[in-house]
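# An overview of the molecular structure
For reference, the chains in residue letters:
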Amino acid sequence: MSKMEKKRIGLFGGTFNPIHCGHVKAAESVQNIFFFDRILFIPSYLPPHKESVDVASAAHRLKMVELALASFDRFFPSSVEIDARGTSYSILTLNKIKEMFPQTEVFFLLGIDAFLEIETWKDYEDVLEQCSFVVMSRPGFRLSEAKDILTEKYKIYLLSINTLDISSSEVRERIRKNQSIEGLVPENVENYIKERRLYLQKNEFQD
Ligand code: ATP
Ligand code: MG
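All of the points below concern the structure found in this document. (Residues numbered from 1 in each chain as written. Chains lettered and ligands numbered in written order. Predicted model: local features only at pLDDT ≥ 70, side-chain atom pairs only at ≥ 80, totals over all residues. Heavy atoms only, no water.)

### Quick look at the nonpolar core
Condition: In these notes, a set of buried Ala, Val, Leu, Ile, Met, Phe, Trp, Tyr and Cys residues joined through side-chain atoms within 4.5 Å is what counts as a nonpolar core. We call a residue buried when its accessible area falls under 20% of the maximum for its residue type, exposed when it is over 50%, and partly exposed in between, using a 1.4 Å probe and counting protein chains only. Each helix is a run of H or I in the DSSP string that is no shorter than four residues. Each strand is a run of E no shorter than two, and both are numbered from the N terminus.
Formed by 35 residues in total, the largest nonpolar core has its most connected members in Ile19, Val30 and Phe41. Contributing elements (two or more residues each) for this core: helix H1 (21-34), strand S2 (38-43), helix H2 (58-69), strand S4 (104-111), strand S5 (132-136), helix H7 (168-176) and helix H8 (187-196). Val80, Phe101, Val135 and Ile149 belong to the second largest nonpolar core, which has 25 residues in total.

### What to know about the site of ligand 1
Where we set the bar: Nearness here has a simple test: a residue counts as near a molecule or strand if at least one of its heavy atoms is within 4 Å of that partner. Polar contact criterion, stated in full: a pair of N or O atoms within 3.5 Å, where within protein one must be able to donate a hydrogen and the other to accept it, and residues adjacent in sequence count only if both atoms are side-chain atoms. Note on areas: these come from Shrake-Rupley sampling with a 1.4 Å probe, and a residue is covered only by the protein chains present in the view. In this analysis, the protein atoms alone were mapped onto a 1 Å grid. Cavities are point sets where a 1.4 Å probe fits without being able to get out; pockets are open sets with protein on both sides within 12 Å along at least five of seven lines; lining residues have an atom within 4 Å of a point. Criterion for pocket placement: a molecule counts as inside a cavity or pocket if more than half of its atoms are within 2 Å of its grid points.
Inspection of the region around ligand 1 gives 22 residues, with His20, Asp113, Leu164, Ser168 and Ser169 positioned closest. The separation between an oxygen atom of ligand 1 and a polar main-chain atom of Ser168 is 2.8 Å. Interatomic distance of 2.3 Å between a side-chain N/O atom of Ser169 and an oxygen atom of ligand 1. For ligand 1, whose accessible area on its own is 600 Å², the fraction buried by protein is 87%. The cavity where ligand 1 resides is the largest pocket.

### Re H2
An α-helical turn contains 3.6 residues, so any two residues separated by three or four positions project in the same direction. Convention followed: To estimate the expected span of a helix, subtract one from its residue number and multiply by 1.5 Å. Here, residues are in contact when the closest pair of their heavy atoms is within 4.5 Å.
If you check H2, its first and last C-alpha atoms are 17 Å apart, about what twelve residues at 1.5 Å a residue would give, namely 16 Å. Turning to H2, its buried residues are Ala58, His60, Arg61, Leu62, Met64, Val65, Ala68 and Leu69. Residues of H2 that are buried make contact with H1, S2, strand S3 (75-77), helix H3 (80-84) and H8.

### Notes on the sheet that holds S4
Put simply, the test is: At least two bridges found by DSSP between two strands is the condition for calling them paired. Each axis is a line fitted through C-alpha atoms, taken for helices only over the stretch in contact, and angles between the N-to-C directions span 0 to 180 degrees.
Read from one edge of the open sheet, six strands run S3-S2-S1-S4-S5-S6, paired in parallel fashion. Because the sheet does not close on itself, it has two edges, and the strands there are S3 and strand S6 (156-159). Each adjacent strand pair in this sheet contributes to an overall mean axis angle of 25 degrees, direction not counted. Across six bridges, strand S1 (residues 7-14) lies against S4 in parallel orientation. Residue Lys7 lies in a different strand from S4, and its bridge partner there is Thr104. The strands that H2 touches are S2 and S3; relative to S3, the one it contacts most, it runs at about 160 degrees.

Here it is as structure tokens:
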């Protein structure tokens, strides 16, 4: 890349409860098209709440992201939302990242299921205006459902990529039922989950 070209960064947010091979594969497919200087995987902070069952602590979720990304040069965990505590609003995260990486073009990476809920985000129009979006296909959802949100004002890339039909919910459910999660999460993440005995039962939120 020439020195004149602006650097580009991808932000991939999620609960990552836990991170699974579908997340990693999707990011790899996007990276093969966009060649970001880096992609930050950003686990959201979830406030301690009696009703939030089944969520591993922020520290566990961040650690699993770290483990999953260990072998990738350009993929990095970011604790920006966890460190901020409080509700994780994308607009706040975006502003922080822009401060941390000035002169860098920011892209939000997200699955079509998440994108279809964007109108529920705080200040979502500002988020859409202030960065580009890369929307990734996901089994069970159609990219064409996004058409109502698309206008010329926004830079939105809809990517039909090869995705894996895996969700964190499925991973958690399989663990609770004592079923194998081999191949659904990276091996080091699988080992971490086993060692820490995560997701064996629906827990109350632990900070
Ligand atoms: P849960 O079942 O708990 O909702 P999840 O598998 O959907 O978990 P999230 O942490 O909610 O994972 O998702 C974070 C981001 O990753 C979202 O933008 C989501 O659309 C995307 N994503 C999750 N799984 C896949 C997948 N298999 N393929 C492509 N994108 C995915
Ligand atoms: Mg989800």
